[in-house]
Amino acid sequence: QVQLVESGGGLVQAGGSLRLSCAASGRTFSGYAMGWFRQAPGKEREFVAGNTWSGGNTYYADSVKGRFTISRDNAKNTVYLQMNSLKPEDTAVYYCAADFSRWTNSSPRRKTDEYDTWGQGIQVTVSS
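Residues numbered from 1 in each chain as written. Predicted model: local features only at pLDDT ≥ 70, side-chain atom pairs only at ≥ 80, totals over all residues. Heavy atoms only, no water.

**Brief notes about the state of the cysteines**
Evaluation of the coordinates by the stated rule reveals one disulfide. Bridging Cys22 to Cys96, the disulfide has an S-S length of 2.1 Å. Because the sign of the S-S torsion sets the handedness, a value of about -75° for the bond joining Cys22 and Cys96 places this disulfide among the left-handed ones. Of the two residues, Cys22 sits in strand E3 (residues 18-25) while Cys96 sits in strand E9 (residues 92-99), which places them 74 residues apart along the sequence. (Disulfide = S-S within 2.5 Å. Helix = DSSP H or I, 4+ residues; strand = E, 2+ residues; numbered from the N terminus.)

Structure (structure tokens):
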């Protein structure tokens, strides 16, 4: 059974940084697209960042562009989200997602229904 497990969340002051990790077990994610989403209380889950199968193509929500960086280490079966210059509005539960249905497909994926496997989520809280 495939599992995605996020780590690295927590409480940080505005302007600070955090790095989230998402480790996959049960299956290699090499060759598959990965993404990060977030959901704030009372809001819908929204796209944050995505990374195509090769890692060579990354794309971001406008709200985090220039502050967040997604990367992957296929040897460790782990994808990362480096978050810098954090703002209170970045406070949310962050989810890692994988699309295991399309191998070596380079199309950007920004919608929740384009991913078929999700982590349990991890809280990120940014204080002002």
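**Observations concerning the sheet that holds strand E7 (residues 68-73)**
Taken together, the four strands give an open sheet; going across it, the order is E1-E3-E8-E7, and neighbouring strands pair in antiparallel fashion. With one partner strand each, in any of the chains shown, strand E1 (3-7) and E7 form the two edges of the open sheet. Taking the axes of each pair of neighbouring strands and ignoring which way they run, one obtains an average angle of 15° across the sheet. (Pairing = 2+ DSSP bridges. Axes fitted to C-alpha atoms, helices over the stretch in contact; angles between N-to-C directions.)

**A look at unusual backbone geometry**
Of note, the phi angle at Asn77 is positive, near 55°, even though the residue is not glycine. Residue position: Asn77 is located in the loop between E7 and strand E8 (78-83).

**Quick look at the pairing of strand E4 (residues 33-39)**
Most of E4 is tucked away, with six of its seven residues classed as buried. Bridging between E4 and E9 involves seven bridges; their strand directions are antiparallel. In the strand pairing of E9, Arg38 is matched with Tyr94. Pairing of E4 with strand E5 (residues 46-51) involves five bridges; the strand directions are antiparallel. Along E5, the bridge assignment pairs Gly35 with Gly50. What sits between the antiparallel neighbours E4 and E5 is a turn of six residues, in which Gly42 has the positive phi angle 80°. (Buried < 20%, exposed > 50% of the residue type's maximum accessible area, 1.4 Å probe, protein only.)

**Topic: the packing of aromatic side chains**
By the definition in use, this model includes six aromatic pairs. Taken together, a centroid distance of 5.3 Å and an interplanar angle of 80° make the contact between Phe37 and Tyr115 edge-to-face. Here the residue Phe37 occupies a position in strand E4, and Tyr115 occupies one in the loop between E9 and strand E10 (117-118), the gap between them amounting to 78 residues. The two residues Phe37 and Tyr115 agree in class, both being buried. Look at Phe47 and Tyr59: their rings are 5.7 Å apart centre to centre, the planes differ by 15°, and that puts the pair in the stacked class. Separated by twelve residues along the polypeptide, Phe47 in strand E5 and Tyr59 in strand E6 (residues 58-60) bring together distant segments of the chain. There is no split in this pair, since Phe47 and Tyr59 are both buried. Among the aromatic side chains, those forming a connected cluster through ring pairs are Phe37, Phe47, Tyr59, Tyr115 and Trp118. For Arg45, the ring lying beneath its charged end belongs to Tyr95, and the centroid distance is 3.6 Å. Lying across the ring of Trp118, Arg45 places its NZ or CZ 4.9 Å from the centre. (Phe/Tyr/Trp six-rings, centres within 6.5 Å; stacked < 30°, edge-to-face > 60°. Lys NZ or Arg CZ within 6 Å of the ring centre and 35° of its normal.)

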